[in-house]
Amino acid sequence: MHSQFIKNLLLLKDVLVDNVCHFENHCEVHISLPIRPHICPRCGCITKKVHDYRKQKIKDIPVLNKPLCLVYRKRRYKCEKCRKNFYENVDFVGRYQRMTLRLIETIIERLRSNYSMRSIAKDYGLSPCTITRIFDCLSYKLTKLPEVFSIDEFKGTTDKGKYHCVLVDPTKSSVLDVLDSRSLEFLLSYFRKFPDPDKVKYVVIDMWAPYKLAVQQAFPRAQIIIDRFHYVRNCNWAIDKVRKRIQQNLPYEKAKFLKHSKKLLLSRPHNLDHDGKIRLANVLLIHEDIRLAYILKEKFMDFVNSSSSSEAEVKLSQWLELVKQYKIREFSYLARTILNWKQEILNSFDVPYTNGCIEGFNNKIKVIKRNAFGFRNFSRFRTRILHCCS
Ligand SMILES: [Zn+2]
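Computed from a prediction, not measured in an experiment: that's the story for all the values here.

Here is what the cut-offs are and how they apply
Residues numbered from 1 in each chain as written. Predicted model: local features only at pLDDT ≥ 70, side-chain atom pairs only at ≥ 80, totals over all residues. Helix = DSSP H or I, 4+ residues; strand = E, 2+ residues; numbered from the N terminus. Buried ≥ 20, exposed ≤ 12 C-beta atoms within 10 Å, placed from the backbone. Contact = placed C-beta atoms within 7 Å. Pairing = 2+ DSSP bridges. Axes fitted to C-alpha atoms, helices over the stretch in contact; angles between N-to-C directions. Expected span 1.5 Å × (residues − 1). Parallel < 35°, antiparallel > 145°, perpendicular 65-115°, else oblique. Nonpolar A, V, L, I, M, F, W, Y, C, P; charged D, E, K, R; others polar. Domains from an automatic or database assignment. Core = buried A, V, L, I, M, F, W, Y, C linked by C-beta atoms within 7 Å.

Q: I'd like a description of the overall build of the protein chain, backed by residues and values.
A: Across its full length, the protein chain holds 16 helices and twelve strands. Taken along the three principal axes of its C-alpha coordinates, the protein chain extends 105 × 50 × 35 Å. Taken over 390 residues, the protein chain has a buried fraction of 27%. Counted over contacts in the protein chain with a minimum sequence separation of 6, partners at least 24 positions apart contribute 57%.

Q: Summarise the sheet that holds strand β11 (residues 202-205); cite the residues concerned and give the values.
A: Taken together, the five strands give an open sheet; going across it, the order is β10-β9-β8-β11-β12, and neighbouring strands pair in mixed fashion. With partners counted over all chains shown, the strands left at the sheet margins are β10 (174-179) and β12 (223-226), one partner each. On average, each strand axis in the sheet is tilted by 25° relative to the strand beside it, whichever way the strands run. One ladder, built from six bridges, connects strand β8 (residues 148-155) with strand β9 (residues 163-169); its direction is antiparallel. Note that in β9 the partner of S150 across the bridge is V168.

Q: Mind laying out helix α16 (residues 378-389), listing which residues take part and the relevant values?
A: The first and last C-alpha atoms of α16 sit 16 Å apart over twelve residues, in line with the 16 Å expected at 1.5 Å per residue. Where α16 is concerned, the buried positions are F381, R382, R384, I385, L386 and C389. If you follow the buried residues of α16, they end up packed against β10 and α15 (356-371).

Q: With reference to specific residues and values, describe the packing of helix α7 (residues 228-248) against helix α8 (residues 252-259).
A: Where α7 meets α8, the axes come as close as 9 Å, and the angle between the chain directions of the two elements is 170°. The orientation of α7 with respect to α8, classified from their angle, is roughly antiparallel. Judged by residue contacts, R243, I246 and Q247 of α7 engage A255, L258 and K259 from α8. A per-class count over the contact of α7 with α8 returns three nonpolar, one polar and two charged.

Q: Help me get a handle on the domain arrangement of the protein chain, residues and values and all.
A: The assigned domain composition of the protein chain is domain 1 (2-98), domain 2 (101-138), domain 3 (148-227 + 354-381) and domain 4 (228-350). Put simply, the middle of domain 2 and the middle of domain 4, counted by C-alpha atoms, are 49 Å apart.

Q: Describe the environment of R243, listing the residues and the values that go with them.
A: With respect to the element layout, R243 can be found in helix α7. Residues R243 and K122, spaced 121 residues apart in sequence, show a C-alpha to C-alpha distance of 51 Å. Ignoring sequence-local partners within four residues, the contact set of R243 consists of L258, K262, L265 and I290.

Q: Give a description of the environment of K13 that names residues and reports values.
A: With respect to the helices and strands, K13 occurs in the loop between α1 (2-10) and β1 (16-22). Accessibility expressed as a C-beta count within 10 Å gives 8 for K13, which makes it exposed. In sequence terms K13 and D91 are 78 residues apart; their C-alpha atoms lie 9.3 Å from each other.

Q: For the nonpolar core, give the residues involved together with the corresponding values.
A: Inside soluble globular proteins, nonpolar side chains tend to come together where they are buried. Residues V175 and V203 are the most contacted members of the largest nonpolar core, which totals 59 residues. Of all the elements, helix α11 (residues 288-304) adds the most residues to this core, at six residues. Counting contributing residues, this core receives three or more from each of domain 3 (148-227 + 354-381) and domain 4 (228-350). Residue contacts for V175: discarding those within four places in its chain leaves V166, V168, F361, I385, L386, C389 and S390. Core analysis: the second largest hydrophobic core is formed by 19 residues, V29, I58, Y72 and L103 among them.

Q: So what's going on with the pairing of β1? Residues and values would help.
A: Examined bridge by bridge, β1 and strand β2 (residues 27-32) share six bridges and lie antiparallel to one another. When the bridges of β2 are listed, L16 appears paired with S32. Once β1 ends, the chain turns through four residues before running back antiparallel as β2.

Written as structure tokens, this is what we have:
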């Protein structure tokens, strides 16, 4: 009866539970298989004669929060005709394996989370080397690019370059691949490996010139789209630079007031409450450049919220005119960048694709990096990201 319950708990078919021992750091279940007629692998005769037993320790998935070890009393039969000794048939573990198949599957699943290999090793009563060995059996290779994909980068700490690229499918919110480098030569040789380059329709990028050149050369039919997040961010940087410039030459109290108004200057006025609006009015009185920069930022945001590329084009040219008039150097610089990428920016108004989900992946990558104390081996780092985010 007792043994039947444990069998159900272990979900092992046809196994006899001989004993259960609890230790401080693990739990042992002693098991064996019933005696059954076996066919001799050498001569084909049937035998039930037991030759001897060997103990095999097999790690299994934890029970009651403790690592579990199956102590399997493995039987050898003896053929009475040809005298051959052979092991009984068993299906829950491979011949030389020291782990159950289901434990390996559980660990592979667990590796999809951000937990470090060390902490997974601890939870399952295994060594970090064992976890690494299981992990190293995983491999990811992208063989086909979808119609739409986006490229972004993140800072790496591995043996390869300073920046890594991440390719994402924005329609499925999944990571497609992680690349060592974001240089033009590297991207070109990578992209050229894929069949059917004409099937790529849209590529979402940030304003990094090698992305544009690589996409233009590798996928001549694709439309390049600048992610909205990036040009909004450039505008936020511009107004913040104006604030910092003005702040430097102000008396202490006023400088402090302006310093604390960073968020206020970045928010849209319709999102401010009554107090916020009064505060904003006071901030704009501090300096003429702040006031003009604020108008430019607001006009830029109106352009960003256009509902089509044709509306956006009109609003953009009005904004560019205003930048010329106001002569705020931070915005003149922004205008040059926007002009350089004008078509790609305008393209973004006619499609729903953004790099929005990449932000989420970047946070996940940061956690993976931190938990692994900075992956130094790029290939492992890449596999872990793909295993967690694809
Ligand atoms: Zn035999």
